[in-house]
Amino acid sequence: MKTIYNLPQKYLLISVPLTLILGFIVGTLVDTSFLRGTILIATIIMIYATLVGFKLKELTTLKGGKILGYSVAINFVIIPVIAYLLGKAFLTEYPMMFAGLALAALLPTSGMTISWTALQKGNVPASVKLTVFGLIIGSLVTPWYLLAMVGQYVNIDILLTMRTIALVVFLPMFLGHFTFKYLLKKYTLEQFQKNIKPKFAPLSIWAMLYVVFVSISSQANMIVSNLQLIAIAIIVLLVFYGLNYVISTFFAIKFLNRADGIALVNGTVLRNLSIAIGLGATAFGAEAALIVTIAFIVQQQSIAYYGKLASKKWFKQTEIQN
C-alpha cells in the first residue's frame, strides 16, 4: 500500500498525462458528472496536504523585501498582462478557457516552488515567503482581476469566487497550521520534517489527480468533439510559459544574486495550478479545467528542463553574482 500511495509522486511527470488520458477514456464510456460535487472537497484536501507545516510567522518577517517586490511586480502586473493579451489574441471564442488561463496567471507559486528552489540550492526561506504572500495576494485580487480580464466574456460572480477561494485557500491554510501545531506536541520538529511531513505530499498528488480525472471525464464527450481546444491550449501555454521564463530570468540575472534569482524564477514561473484547476472546474467548468490541466504537463516538464539548463548556464554554483 505504501508503494501505491507514493507512486504518483514518484512518477509525477507521467501521472498527470496518464490521468488525463484515463479521464478521456472513462468519460466517453461512463457519465461521471455526478462526481462534480466532490471536486471542491478534493481541492481542499489537496491544498491542506501541502500546507501542513505552514508557519503563520513567515508572514511577519521583514527579510527578503527586494525579491518580494520583484515577484509582486511580475506576478500581479506583468504576467496578468501577458495572459490577457494571449487571451484576447487566441481565446475570445473560448471564454471559459480564457478564464482558466486567467486563473493560472493570477495564482502564483506552488509547493513545487520551494522544492525546486531547494533542489537548485537557491534561497529556500525566500521561496517560502514568495509562496505564502503569492498565495494570499493572489487569493485576494483574483476575483477582481477576473472581472477586469474576462468579465465581458464570462459572468463573474464575485461573492461566489471569494467564497470558493476562502474554502480552497484560507481554510486549508489554517487547518494545515493547526495540524502542524498538534503534531509538534507528539513529535520533535526534526521528526516532523523527516518522517511526518513527507507523508502528506502523496495525499496532495492523489487529490490533484482526482480533480483532474473528474474535471476531464465529466466533460470528455464535449472535449473530444472539440479537439482543437487542446491544440489551442498547448500553443497558448507554450507562449505563456516561454515569456514567463524569459522575463523572470532577466530580472533574476540583472538584479539579484544567484540564490535569490533561483527563488524568484521558481516563485513567478510556477503557478498554483492545484488551486486554479479546483476553482476553474468549480466556477467555470470543463474548458477552464482543461487548459489548467494541460498547464500541469507544460509546467512540470518545462521546469525540469529549465532547471538543468539554468544550472549549466546562468545559475552555476561556482558563479558569483551581485
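These numbers were taken from a predicted model, which means no experiment stands behind them.

Visitor: Explain a positive patch on the surface here, please?
Guide: On the surface, Lys-308, Lys-312, Lys-313 and Lys-316 cluster together into a patch of positive charge. With respect to the helices, strands and loops of the structure, Lys-316 is situated in the segment after α14 (286-312).

Visitor: Would you mind showing me how to read the packing of helix α11 (residues 228-255) against α14 here?
Guide: Geometry of a packed helix pair, given as the angle between the helix axes and the separation of the axes. Between α11 and α14, the shortest axis-to-axis distance is 9 Å and the interhelical angle comes to 45 degrees. On the basis of their axis angle, the class for α11 and α14 is oblique. Between α11 and α14 the crossing geometry is right-handed. On α14, the residues touching Leu-229, Ile-230, Ala-233, Ile-234, Leu-237, Leu-238, Tyr-241, Tyr-245 and Thr-249 of α11 are Glu-287, Leu-290, Ile-291, Ile-294, Ala-295, Val-298, Gln-299, Ser-302, Ile-303 and Tyr-306.

Visitor: How should the packing of helix α4 (residues 65-90) against α11 be read in this particular structure?
Guide: Viewed as axis vectors pointing N to C, α4 and α11 meet at an angle of 155 degrees, and their least axial separation amounts to 10 Å. Taken together, the axis directions place α4 and α11 in an arrangement best described as roughly antiparallel. Crossing of α4 over α11 shows right-handed handedness. For the pair α4 and α11, contact is made by Lys-66, Tyr-70, Ile-74, Ile-78, Ile-79, Ile-82, Ala-83, Leu-86 and Phe-90 and by Ile-232, Val-236, Val-239, Phe-240, Leu-243, Asn-244, Ile-247, Ser-248, Phe-251 and Phe-255, respectively.

Visitor: Honestly, the packing of aromatic side chains in this entry has me stumped. Any pointers?
Guide: Each aromatic ring pair is characterised by the separation of its centres together with the angle its planes make. This structure, assessed with the given rule, holds 11 aromatic pairs. Considering the side-chain rings of Tyr-48 and Phe-200, the 6.3 Å spacing of their centres and the 85 degrees angle between planes classify their relative orientation as edge-to-face. A residue pair is termed long-range when its members are at least 10 positions apart, and Tyr-48 in helix α3 (residues 39-51) and Phe-200 in helix α9 (residues 189-217) qualify at 152 residues. Taken together, Tyr-70, Phe-250, Phe-251 and Phe-255 form an aromatic cluster joined through their ring pairs.

Visitor: Looking at this structure, how should I read empty space enclosed by the protein?
Guide: Rolled over the atoms, a probe with the dimensions of a water molecule shows which regions are left empty. A complete count under the given rule lists one cavity of 30 Å³ or more for this structure. Looking at the largest cavity, its volume works out to about 50 Å³. Residue lining of the largest cavity: Leu-68, Ser-71, Val-72, Asn-75, Phe-76, Leu-130, Phe-133, Gly-134 and Ile-137, and that is the complete set. Per-element accounting of the lining of the largest cavity gives the leading share, five residues, to α4. Tallied by class, the residues present in the lining of the largest cavity amount to six nonpolar, three polar and no charged.

Thresholds applied
Residues numbered from 1 in each chain as written. Predicted model: local features only at pLDDT ≥ 70, side-chain atom pairs only at ≥ 80, totals over all residues. Heavy atoms only, no water. Patch = residues over 30% accessible without salt bridge, like charges linked within 9 Å, V, L, I, M, F, W, Y side chains within 5 Å. Areas by Shrake-Rupley, 256 points an atom, 1.4 Å probe, with all protein chains shown as cover. Salt bridge = Lys/Arg side-chain N within 4 Å of Asp/Glu carboxyl O. Lys, Arg positive; Asp, Glu negative; His and termini not counted. Charge placed at Lys NZ, Arg CZ, Asp CG, Glu CD. Helix = DSSP H or I, 4+ residues; strand = E, 2+ residues; numbered from the N terminus. Axes fitted to C-alpha atoms, helices over the stretch in contact; angles between N-to-C directions. Parallel < 35°, antiparallel > 145°, perpendicular 65-115°, else oblique. Left-handed = near helix turned anticlockwise from the far one by under 90°. Contact = heavy atoms within 4.5 Å. Phe/Tyr/Trp six-rings, centres within 6.5 Å; stacked < 30°, edge-to-face > 60°. 1 Å grid on protein atoms, 1.4 Å probe; cavity = no way out; pocket = protein on both sides within 12 Å on 5 of 7 lines; lining within 4 Å. Points joined across faces, edges and corners; volume = space filled by probe spheres on them. Nonpolar A, V, L, I, M, F, W, Y, C, P; charged D, E, K, R; others polar.

Note that every value here comes from positions in space, so none of it alone points to a role or purpose.
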